[in-house]
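# Remarks on the overall topology
Residues per chain are reported as follows:
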Amino acid sequence: MSKIAVIGGGIIGVATAYELAKLGEDVILFEKNYFGSGSTFRCASGIRAQFTDEANVRLMKYAVERWERLEDELGFDINFRQTGYLFLATSEEEIEAFKANIRLQNRFGVPTRLIDMDEAKEIVPILNPEPFLAGTWNPRDGKANPFKTLFAYLFRAREMGVDAREHTEVIGFEREGDEITAVRYRSRGKAESVKVDAVLNATNAWAPTINEMAGLKRGIVPIKVYKHQLVKTELLEKGQAEPLVCPPSWNDAYIIQDGEDGGIICGAGIEHEARGLNDVEPTYDFLRGVLRYAVMMAPPLKYAHVIRQWAGFYAKTPDRNPAIGKLLEDFYISAGFSGHGFMMAPAVAQAMAELIARGRSKVPIDWEWYDPYRFERGELHTSAFQIG
Amino acid sequence: MSGKVIICRCNDVTADEIEALIDSGVTDIEEIKRLLRIGMGPCQGRTCIPLVISILARKTGKRPEEIPLPKTRVPIRPVRVGVLAGGDDE
Ligand SMILES: Cc1cc2nc3c(=O)[nH]c(=O)nc-3n(C[C@H](O)[C@H](O)[C@H](O)COP(=O)(O)OP(=O)(O)OC[C@H]3O[C@@H](n4cnc5c(N)ncnc54)[C@H](O)[C@@H]3O)c2cc1C
Ligand code: FES
């Protein structure tokens, strides 16, 4: 049994701590604020296998299979529901691109299909079909409650002996040569250290700082942090817009009905580079911009009231794909998840835990695709489709 | 306090549910808020958050002033989408 430190108490760190404990490892998990306080508790809850490249389609197909069984495995209600994702085309060229995506997804067993606007309207009663020509529909995509999911993983992880600490910030490492021997952390103003055999950097937006602590170049995994926002309306009758609905050509604008209370969550790619890692101030231009798209998509929304707006981070690498893998002999990274870290967590956590504990994984993950050193080598992949 | 005492009227959360969650080890108000959806209703917590703080203070032995208020979210009052999106005919 090795002692493994997981840094970052978002969905990726917590789920990986759980998977490591399942494999019999001795895990200490650090979260500097409260669990979920980074991007995880701010996310739009969407889960999809509709990606546009083989690596992400295969990984997400597997992730969705894990999601389907997760409630039973963890023994908690996490409100995972397969309400689908519907992408909408506004031009003939886009339909052709959609068809190519569908062929790719079908090849790996993801049952996406092209639907006409009559069918789209049946699936999303408040949809305005006018601006759109067709849609791609995968009924097995869906959503889950991020709060409940994180806590379900956390409770089970603690049950298996994970030492999960919040309000505990990692402030450095002790090293002998290239090897990390201990993690230094601060809690309630007191600095302490713990001896470890391996470390996982699961701090997403904060990952460059942790890489630096490990003696690496800050930009080895070049993560830029963008403020991504959401607006939520008052509760609507359920079933009005259960799937995530998105015309990508409208600046990735989307709507999705909250699986818990039925409010409509509205997002869009109206982004701001964050001024710092405390900058989660919502902006007025986003509020107005996102609602314009939302009303064009679903006109009845104009009579609803907005009750909340919030911001969080999209931690982006240059190709919008995360960095997942080994950086040093005893130092691993799983970070830079852009808009899709929540949905990937069950698969990525398992893959990373198996990599750390066993050196290889059963998960269909393309390690080369997510290789954290690809930026250094100047090999970028096609951009992953980045919305939630 | 016992029985069905409703603390968050918007989202129908009882005192028992809150106490049970605190007993299970969740003592950060930001976490309690999200797990039970307290303070996320139309009143945005004006009714329930002060009550949750007093329960939390009692159960954790802290003074209420030591418990930080959860972040408030704009807009402070609900606004109609049509108004923000720029008029009904757009
Ligand atoms: C508005 C919005 C909508 C989104 N919608 C979706 C969606 O629909 N579907 C989807 O899959 N994804 C979505 N995402 C993306 C998703 O939220 C993230 O990709 C995911 O939560 C990343 O999880 P994480 O655990 O890697 O990072 P985080 O949740 O950010 O966790 C990292 C943690 O590390 C902690 N930390 C940092 N430094 C230290 C340190 N020195 N010591 C200890 N702890 C430290 C931080 O406090 C933080 O809690 C959305 C994101 C946003 C902002
Ligand atoms: S009473 Fe709790 S949000 Fe209104």
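That block above? That's the structure.
The secondary structure content of chain B amounts to four helices and three strands. Helices (α) and strands (β) of chain B occur, in sequence order from the N terminus, as β-β-α-α-α-β-α. Within chain B, the fraction of its 90 residues that count as buried is 47%. In chain B, 48% of the contacts between residues at least 6 apart in sequence involve partners at least 24 apart. Accessible surface, chain B as shown: approximately 4700 Å² in total, 54% of it carbon and sulfur.

Another point: the packing of helix 1 (residues 15-23) of chain B against helix 3 (residues 49-60) of chain B. Residues and elements named next belong to chain B. Where helix 1 contacts helix 3, the axes come no closer than 11 Å and their chain directions differ by 40 degrees. The orientation of helix 1 with respect to helix 3, classified from their angle, is oblique. Viewed along their axes, helix 1 and helix 3 form a crossing whose handedness is right-handed. Seen from helix 1, the contacting residues are I18, E19, I22 and D23; seen from helix 3, they are V52, I55, L56, R58 and K59. The residue inventory of the contact of helix 1 with helix 3, partitioned by class, reads five nonpolar, no polar and four charged.

Attention now goes to the environment of G325 of chain A. Residue and element names in this part refer to chain A. Along the chain, G325 turns up in strand 19 (residues 323-328). Given a relative accessible area of 4%, G325 falls into the buried group. Between the C-alpha atoms of G325 and A15, which are 310 residues apart in sequence, the distance is 16 Å. With sequence-adjacent residues up to four places away left out, G325 is seen in contact with Y332, I333, M352, L355, W367 and P372.

We now examine the interface of chain B and chain A. How large an interface is tends to be reported as the accessible area lost when its parts come together. With 26 residues of chain B at the contact, the number on the chain A side is 34 residues. Between chain B and chain A lies a buried interface of about 2900 Å² when both sides are counted; carbon and sulfur atoms form 59% of it. Here chain B is connected to chain A by two salt bridges. Residues D261 of chain A and R37 of chain B are paired through a salt bridge, measuring 3.4 Å at the closest nitrogen-oxygen approach. The tally of links between chain B and chain A comes to 13 residue pairs in polar contact (both at pLDDT 80 or more). For the side of chain B that touches chain A, the secondary structure elements donating two or more residues are helix 2 (29-36), strand 3 (79-80) and helix 4 (81-85) of chain B.

The next subject is the site of ligand 1. Residue and element names in this part refer to chain A. The local shell around ligand 1 holds 39 residues, among which E31, S39, T40, G46 and M343 are the closest. Within the backbone of K32, a nitrogen or oxygen atom sits 3.0 Å from a nitrogen atom of ligand 1. Here A44 contributes a backbone N or O atom positioned 2.9 Å from a nitrogen atom of ligand 1. A total of 1000 Å² of accessible area belongs to ligand 1 in isolation, and the protein chains cover 99% of it. Put simply, the parts of the chain that give the shell around ligand 1 at least two residues each are helix 1 (11-22), strand 9 (168-176), strand 13 (224-235), strand 18 (305-316) and helix 8 (341-358). Its residues placed into classes, the shell around ligand 1 shows 16 nonpolar, 19 polar and four charged.

This part is about the pairing of strand 9 of chain A. All names here are of chain A. Summarising the sheet, strand 9 and strand 10 (residues 179-187) pair through eight bridges and their orientation is antiparallel. The residue of strand 10 that forms the bridge with E176 is E179. In sequence, strand 9 turns back onto strand 10 through a hairpin of two residues, with G177 there showing a positive phi of about 65 degrees.

We now examine helix 2 (residues 54-74) of chain A. Residue and element names in this part refer to chain A. Its 21 residues give helix 2 an end-to-end C-alpha distance of 29 Å, which sits within 8% of 30 Å, the value for a rise of 1.5 Å per residue. For helix 2, every residue scored as buried is listed here: A55, N56, V57, L59, M60, Y62, A63, V64, R66, W67, L70 and L74. Packed against the buried residues of helix 2 are helix 1, strand 3 (46-47), helix 3 (92-107), helix 5 (146-159) and helix 8. Structurally, the start of helix 2 carries an N-cap: the backbone nitrogen of A55 is 3.2 Å from a side-chain oxygen of D53. In the stretch just after helix 2, G75 is the one whose phi turns positive, near 75 degrees.

Reading the values: rules and limits
Throughout this description, residue numbers start from 1 for each chain and increase along the sequence as written. For this description, chains carry letters from A and ligands carry numbers from 1, given in the order in which they are written. Selection of residues for local features in this predicted model requires a pLDDT of at least 70, selection of side-chain atom pairs for listing and counting requires 80 or more, and totals for whole chains, interfaces and linings are taken over all residues. Working from all heavy atoms in the structure, the side-chain values ignore hydrogens and water. A run of H or I in DSSP counts as a helix once it spans at least four residues, and a run of E counts as a strand once it spans at least two, with each numbered from the N terminus. Working definition: with a 1.4 Å probe on protein chains only, accessible area under 20% of the residue-type maximum means buried, over 50% means exposed, and in between means partly exposed. The contact criterion used throughout is that any non-hydrogen atoms of two residues lie within 4.5 Å. Throughout, the Shrake-Rupley method with a 1.4 Å probe supplies accessible areas, and for residues the shown protein chains are the sole cover considered. Angles run from 0 to 180 degrees between N-to-C directions of axes, and those axes are lines fitted to C-alpha atoms, restricted for helices to the stretch in contact. For classification purposes, angles smaller than 35 degrees are called roughly parallel, those larger than 145 roughly antiparallel, those between 65 and 115 roughly perpendicular, and all remaining angles oblique. Note on convention: near helix rotated counterclockwise from far helix by under a right angle means a left-handed crossing. Clockwise means right-handed. Classification used: nonpolar for Ala, Val, Leu, Ile, Met, Phe, Trp, Tyr, Cys and Pro, charged for Asp, Glu, Lys and Arg, polar for all others including Gly. We define buried area as the total accessible area lost by two parts upon association, computed with a 1.4 Å probe and summed across both. One speaks of a salt bridge when a side-chain nitrogen belonging to Lys or Arg is within 4 Å of a carboxyl oxygen belonging to Asp or Glu. N or O atoms closer than or at 3.5 Å make up a polar contact, with two conditions inside protein: a donor-capable atom paired with an acceptor-capable one, and, for residues adjacent in sequence, both atoms drawn from side chains. Residues are counted as near a molecule or strand when any one of their heavy atoms sits within 4 Å of it. In this analysis, strands are considered paired if DSSP registers two or more bridges between them. A helix is expected to reach a length of 1.5 Å times the quantity of its residues less one.

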